[in-house]
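These are the residues of each chain, in order.
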Amino acid sequence: MPGDASPEAAGPPGAVLQAEVRDALAGLAARLDREHERAAHREAVIDRLHEENQRLRRGELQAMLEPVRAALYRLHDQARRESSRLADPGLADPPGPEQTAQLLQAVADDVADALARLGVERFTVEPGAPYDASRHRPVAVTPVGDRMRDGTVTAVQSDGFEQSGKVLRKAAVSVGRLDDAADEDAANKGVGDEDAGDKADDAPGTGANGAGRPAGDGSNRLRGAARGATMNSGQANSAKTSSGKTNSALGTDR
């Protein structure tokens with residue numbers, strides 16, 4: 001009967017299955033080994049590219065710093081020459097303030113030239129220019145008595161630097177602020193001067209109402225002429241009124 005088959009009859013199919021599983025596992029192991037080798041190769045390529053990238057970056061950085069080194073070389077040589085010249089015992093003419101200022105200006109120009117080679121430009125600010133918060137850094141406030149100087153640059157402490165239109169460092173400036181007390185004093189002084197001029201016109205011996213000759217031929221004569229014209233007009237109006245004719249002073253007819 002089929003159900004009475006012995007265990008030996010089922011042996012060959014089980015061995016075949018085991019052989020197939022063994023072969024499949026061997027293939028998977030081989031594929032894993034190949035993938036491991038490929039991953040190791042990729043890691044080696046990545047490490048080599050990273051090293052080359054770092055070497056290129058160091059080379060670019062050194063190339064960018066070359067102008068700075070050249071400027072520092074010049075500053076070093078210039079400082080050593082000036083130091084040797086000043087330390088010379090036979091120096092008969094020591095440098096004056098003007099020569100010292102020129103030397104320091106040359107040092108500043110060399111530094112600005114080195115920064116320009118790196119793409120950093122220096123910009124200057126002139127006193128009297130309007131204060132710009134995007135380009136100026138206020139370091140001091142200067143009281144001013146003129147309204148036109150309120151909110152303007154009164155002094156420059158240091159220049160600014162920018163790169164491709166972007167401000168890297170703002171210029172340090174002093175900003176003028178209107179002094180209310182000084183402005184009020186100036187206004188009061190102007191009013192006092194005007195009152196003094198009016199009093200001088202009416203002073204005895206100098207003004208138009210005095211007995212003496214007028215001090216000037218400007219406003220005094222004009223004021224005297226105006227007063228004379230007013231008096232003549234008043235007399236004419238009085239005469240017309242007494243005769244029953246038109247009264248120009250009141251603007252009505254009687």
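Residues numbered from 1 in each chain as written. Predicted model: local features only at pLDDT ≥ 70, side-chain atom pairs only at ≥ 80, totals over all residues. Heavy atoms only, no water.

1. Some thoughts on a negative patch on the surface
Working step 1: On the surface, E43, D47, E51 and E52 cluster together to form a negatively charged patch.
Working step 2: Here E43 shows up in helix α1 (residues 11-86).
Working step 3: Judged by relative accessible area, E43 falls into the partly exposed class, the value being 46%. (Patch = residues over 30% accessible without salt bridge, like charges linked within 9 Å, V, L, I, M, F, W, Y side chains within 5 Å. Areas by Shrake-Rupley, 256 points an atom, 1.4 Å probe, with all protein chains shown as cover. Salt bridge = Lys/Arg side-chain N within 4 Å of Asp/Glu carboxyl O. Lys, Arg positive; Asp, Glu negative; His and termini not counted. Charge placed at Lys NZ, Arg CZ, Asp CG, Glu CD. Helix = DSSP H or I, 4+ residues; strand = E, 2+ residues; numbered from the N terminus. Buried < 20%, exposed > 50% of the residue type's maximum accessible area, 1.4 Å probe, protein only.)

2. Re the side chain of Q78
Working step 1: With respect to the helices and strands, Q78 occurs in helix α1.
Working step 2: Setting aside residues no more than four positions away along its own chain, Q78 makes contact with L103, A106, V107 and D110. (Contact = heavy atoms within 4.5 Å.)

3. Considerations on the packing of aromatic side chains
Working step 1: Taken as a whole, this structure holds zero aromatic pairs when the rule is applied.
Working step 2: Sitting over the ring of F123, R135 keeps its end group 4.1 Å from the ring centre. (Phe/Tyr/Trp six-rings, centres within 6.5 Å; stacked < 30°, edge-to-face > 60°. Lys NZ or Arg CZ within 6 Å of the ring centre and 35° of its normal.)

4. Examining the confidence of the model for the chain
Working step 1: In the predicted model, the chain carries a mean pLDDT of 74, and the fraction of residues at 70 or more is 66%.
Working step 2: Considering only residues more than four positions removed or in separate chains, one finds that residues 199-254, a stretch of pLDDT under 50, has 39 contacts. (pLDDT = per-residue confidence, 0-100.)

5. Observations regarding helix α2 (residues 97-117)
Because an α-helix packs 3.6 residues into every turn, residues spaced three or four apart end up facing the same way.
Working step 1: The terminal C-alpha atoms of α2, which comprises 21 residues, lie 31 Å apart, in line with the 30 Å expected from a rise of 1.5 Å per residue.
Working step 2: Of the positions making up α2, those classed as buried are D110, A112 and A114.
Working step 3: Taken from the residues just after α2, G119 is the one with a positive phi, measuring 90°. (Expected span 1.5 Å × (residues − 1).)

6. Some details on the sheet that holds strand β2 (residues 136-144)
Working step 1: The strand order β2-β6-β3 describes an open sheet built from three strands, whose pairing is mixed. Only two strands of the sheet have a single neighbouring strand rather than two, namely β2 and β3 (153-158). With direction set aside, neighbouring strand axes in the sheet form an average angle of 25°.
Working step 2: Pairing analysis gives eight bridges linking β2 to strand β6 (residues 171-178), with the strands arranged parallel. Within β6, the residue paired with P138 across the bridge is V173. (Pairing = 2+ DSSP bridges. Axes fitted to C-alpha atoms, helices over the stretch in contact; angles between N-to-C directions.)

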